[in-house]
Amino acid sequence: MLKDYKKRVKKSFKSLNLKGNISPKTAIILGSGLSAVKDSIDGTEIPFSKIKGFPAPTVKGHSGILKISDKVVVCAGRIHYYEGHSIDDVVLPIFLLSRLGVKNLIITNAAGGINPTYAAGELVLISDHINLTGCNPLIGINDDSLGPRFPDMSECYSKKLIEKALSIKPDLKQGVYAGLKGPSYETPAEVRMLQTIGADLVGMSTVNEVIAASYLGMNVIGISCVTNLAAGVTDERLDHAEVVEAGKKAGKELTELILKLLAEI
Ligand code: HPA
């Protein structure tokens, strides 16, 4: 459990310097190279570096900006465990979003496609996840005023929101996302293992944030952009620059989907 949660979140919240009573109901977290949506949404931009308690992201393609309006708040960039930050840091933005009053979370990521029916550049809805990071952001003394000690995770990706996305784009596929620590990509043997245990997608984020969001009572929809097929699914080697580039190409479709979702939730 985020140590000194209330103090940390209070400090971060105060440093946003918000004027008036801004309380967006929906938040969007944009993954590697997927920041295009940010420019289609109005709001005030606050760099992560100006938010007290936020460590600056260190990965290319993660701009690290919070953009906030009365309706929606966008986190373009996120804090990854593989950057050397603590799991408390990774989920601090989720706790801050909850403090802002966020009830719906649209969380996106770049992922490797394990399911051989997926193609690079495709968007896939996350139906469930497997947390293989070895972390859990709720470990420690629980604050019962925030959420239960043993939160139910049977619907941490909202079926209602999945249905809404499917009503917008019926051909969207769904899949189970395996979250690993990274930063090395998987070996082909690891990808075969992930396939055996039921994963369709693999990535290095999302699962701990979704555990925190679900604990805090948010409705979550997860959208993966398959930037590449996972190691061993094809003969190609993985390259981060290509992953970011593929994310940018899928950006238009992701922006359209998110804007339509926003109009409905
Ligand atoms: N593996 C893990 N994370 C990723 C991948 C991958 O193949 N592609 C994009 N993020």
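See the structure shown above.
Residues numbered from 1 in each chain as written. Predicted model: local features only at pLDDT ≥ 70, side-chain atom pairs only at ≥ 80, totals over all residues. Heavy atoms only, no water.

Peer 1: Can you walk me through the layout of surface pockets in this structure?
Peer 2: Gaps between atoms show up when a probe of the same size as a water molecule is rolled over them. In this model, the largest pocket occupies a volume close to 330 Å³. In terms of lining residues, the largest pocket is bounded by 24 residues, among which Ser-32, Tyr-82, Ala-110, Tyr-185 and Met-204 are the most central. Considering each element in turn, the lining of the largest pocket owes the most residues, 4 residues, to strand E5 (residues 104–113). (1 Å grid on protein atoms, 1.4 Å probe; cavity = no way out; pocket = protein on both sides within 12 Å on 5 of 7 lines; lining within 4 Å. Points joined across faces, edges and corners; volume = space filled by probe spheres on them. Helix = DSSP H or I, 4+ residues; strand = E, 2+ residues; numbered from the N terminus.)

Peer 1: Mind showing me how you'd approach the nonpolar core here?
Peer 2: Side chains of a nonpolar character, in soluble globular proteins, are inclined to be buried together. Within the largest apolar cluster, 71 residues are counted, with the highest numbers of intra-cluster contacts made by Ile-28, Leu-66, Phe-95, Leu-97, Leu-105, Ile-223 and Ile-258. In this structure Leu-66 touches Leu-16, Thr-44, Glu-45, Ile-46, Phe-48, Ile-51, Val-73, Val-74 and Cys-75, once residues within four positions along its chain are discounted. In terms of nonpolar packing, the next biggest core, distinct from the first, is built from 9 residues, Ala-178, Val-191, Leu-194 and Ala-199 among them. (Core = buried A, V, L, I, M, F, W, Y, C linked by side-chain atoms within 4.5 Å. Buried < 20%, exposed > 50% of the residue type's maximum accessible area, 1.4 Å probe, protein only. Contact = heavy atoms within 4.5 Å.)

Peer 1: I keep staring at helix H1 (residues 5–15) and nothing clicks. Help me out?
Peer 2: At 3.6 residues per turn, the α-helix brings residues three or four places apart onto the same side. Three or more residues of H1 are buried, namely Tyr-5, Val-9, Ser-12 and Ser-15. Relative to the axis of H1, the buried residues are bounded by an arc of 130° and lie together on one face. Exposed and oriented more than 90 degrees from the buried face of H1 are Lys-7, Lys-10, Lys-11 and Lys-14. Buried residues along H1 sit against helix H2 (87–100). Of the residues trailing H1, Asn-17 is marked for its positive phi of about 55°. (Arc of directions from axis to C-beta.)

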